[in-house]
Amino acid sequence: MASRDLSSEVSRAILDRIRKARRVSVLTGAGVSAESGIPTFRGAGGIWEKYDFNKLATPHGFMENPELAWDWYQLRQREMMKAQPNEAHLVIAEMEDHFPSFAVLTQNIDGFHRRAGSRNIVELHGNIWRMRCVRDGTIVELDSPVEHIPPLCQCGSIMRPDVVWFGEPLPSEAIEAASTVARESDVMFVVGTSAIVYPAAALPALTKSAGGLVVEVNVEPTPVTAYAALTLFGPAGEVLPAFWTLVR
Ligand code: OAD
């Protein structure tokens, strides 16, 4: 397949700014993993169209029926275990070697950025490959899907997925680190996020208001499109490699 030619869509001024950038970040959402076969949350065929987030992604729903929630997380773990990082994850990992300072700020819990080779990653919404005791906070790392449902802590209490649910605050170190990165970024790429779930959705605006350049990659417009210097429309796995070929 011939790769897409973006040369007519990207101005020389923007390319120059990216080439000279010292501090670069990438904010990613579910869209960056779409081409790995992982469904996004919103839009046609989105997870929240098919499943009730109240039961699966709120502390109250989980405590009412942990077996139901864990059945679903086990399904997602199996699906993510079978899938592979795609070209977008790989290019993002490659970008890290190119700039003096580089960070991936991700809302995704799938762990694909690390599998693709990214090193400096801030996970804003936790990670599906970790679970946490609801009573004493003990953390257990997983390298394969959970076997027994619901998994139990050594203390006898139920373990929950160590992910952020609706109504819960983000881990304070993660959102603080991400906010600092966003304010200091000369360039932030915003890839595959609907940019409507806060506080992550506010990060590109921090970059913009501190004088940084925001470049978006998405298949459709989002609230970020209104203030991004450039939005490249198309699947991230196709657009990012083509864009990176222009920049390098
Ligand atoms: P969403 O499902 O809300 O948005 C996915 C975005 O990816 C949309 O803007 C799509 O247009 C875009 N998209 C789809 N396929 C794409 C592709 N191949 N290339 C580029 N873009 C593509 O996912 P998030 O923005 O990540 O939170 O959602 C934010 C949070 O809401 C999630 O972390 C999760 C969810 O509920 C929690 O569970 C706390």
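Residues numbered from 1 in each chain as written. Predicted model: local features only at pLDDT ≥ 70, side-chain atom pairs only at ≥ 80, totals over all residues. Heavy atoms only, no water.

Turning our eyes to something else, we now look at helix α8 (residues 172–184). Since the α-helix packs 3.6 residues into each turn, any two residues three or four apart lie on the same face. Here α8 contains 13 residues, and its C-alpha end-to-end distance of 18 Å stays within 8% of the 18 Å for a straight helix at 1.5 Å per residue. Those residues of α8 that sit buried are Ala174, Ile175, Ala178, Ser179 and Ala182. Here the buried residues of α8 occupy an arc of 125° about the axis, which is enough to place them on one side. Along α8, exposed side chains directed more than 90 degrees from the buried face belong to Glu173 and Glu176. Tucked into the core, α8 has its buried residues touching β2 (101–106), β3 (121–123), β7 (187–191) and α9 (203–209). (Helix = DSSP H or I, 4+ residues; strand = E, 2+ residues; numbered from the N terminus. Expected span 1.5 Å × (residues − 1). Buried < 20%, exposed > 50% of the residue type's maximum accessible area, 1.4 Å probe, protein only. Arc of directions from axis to C-beta. Contact = heavy atoms within 4.5 Å.)

Another aspect to go through is the nonpolar core. Counting residues in hydrophobic clusters, the biggest one holds 32 residues, and the most contacted among them are Ile18, Phe189 and Phe243. Mapped by element, the contributors of at least two residues to this core are α1 (12–20), β1 (23–28), α6 (87–95), β2, β7, β8 (213–218), β9 (230–233) and α10 (236–247). Here this core gets 7 residues from one element, more than from any other, and that element is α10. For Phe243, the contacting residues outside a window of four places in its chain are Leu6, Val10, Ile18, Phe189, Leu230 and Leu232. Listed in part, the 24 residues of the second largest apolar core include Ile38, Trp70, Tyr73 and Cys133. (Core = buried A, V, L, I, M, F, W, Y, C linked by side-chain atoms within 4.5 Å.)

Once that is clear, we can look at the domain arrangement of the protein. The assigned domain composition of the protein is domain 1 (1–38 + 85–125 + 170–248) and domain 2 (39–82 + 127–163). Contacts between the two partners involve 15 residues from domain 1, matched on the other side by 14 residues from domain 2. Buried surface at the junction of domain 1 and domain 2, both sides included, amounts to about 1,100 Å², of which 60% is carbon and sulfur. Counting the contacts that link domain 1 with domain 2 gives 1 salt bridge. The salt bridge involving Glu123 is made with Arg130; its shortest N-O contact spans 3.8 Å. At the surface where domain 1 touches domain 2, the tally comes to 4 residue pairs in polar contact (both at pLDDT 80 or more). (Domains from an automatic or database assignment. Buried area = accessible area lost by both parts, 1.4 Å probe. Salt bridge = Lys/Arg side-chain N within 4 Å of Asp/Glu carboxyl O. Polar contact = N/O pair within 3.5 Å; in protein donor to acceptor, adjacent residues only side chain to side chain.)

With that settled, consider the site of the ligand. As a structural note, the neighbourhood of the ligand is formed by 23 residues, with Phe41, Arg42, Thr193, Ser194 and Asn218 the closest of them. A distance of 2.8 Å separates an oxygen atom of the ligand from a polar backbone atom of Ala30. Note that an oxygen atom of the ligand is positioned 2.6 Å from one of the side-chain N or O atoms of Arg42. Burial of the ligand by the protein amounts to 92% of the accessible area it has alone, namely 800 Å². More than half of the atoms belonging to the ligand lie within 2 Å of the grid points that define the largest pocket. Among the residues forming the shell around the ligand, the class breakdown is 10 nonpolar, 10 polar and 3 charged. Composition of the shell around the ligand by domain shows at least three residues from each of domain 1 (1–38 + 85–125 + 170–248) and domain 2 (39–82 + 127–163). (Near = heavy atom within 4 Å. Areas by Shrake-Rupley, 256 points an atom, 1.4 Å probe, with all protein chains shown as cover. 1 Å grid on protein atoms, 1.4 Å probe; cavity = no way out; pocket = protein on both sides within 12 Å on 5 of 7 lines; lining within 4 Å. Sits in = over half its atoms within 2 Å of the grid points. Nonpolar A, V, L, I, M, F, W, Y, C, P; charged D, E, K, R; others polar.)

Looking now at the sheet that holds strand β5 (residues 139–141). In space, the 3 strands of this open sheet follow the order β5-β4-β6, with antiparallel pairing throughout. Each edge of the open sheet carries a strand with a single partner, namely β5 and β6 (159–163). Strand-to-strand twist across the sheet, computed as the mean angle between neighbouring axes with direction ignored, equals 40°. Here 3 bridges tie strand β4 (residues 126–133) to β5, and the two strands are oriented antiparallel to one another. Bridge assignment links Arg130 to a residue of β5, and that residue is Glu141. Across the sheet, helix α5 (residues 66–82) touches β4 and β6, and the angle it forms with β4 is around 140°. (Pairing = 2+ DSSP bridges. Axes fitted to C-alpha atoms, helices over the stretch in contact; angles between N-to-C directions.)

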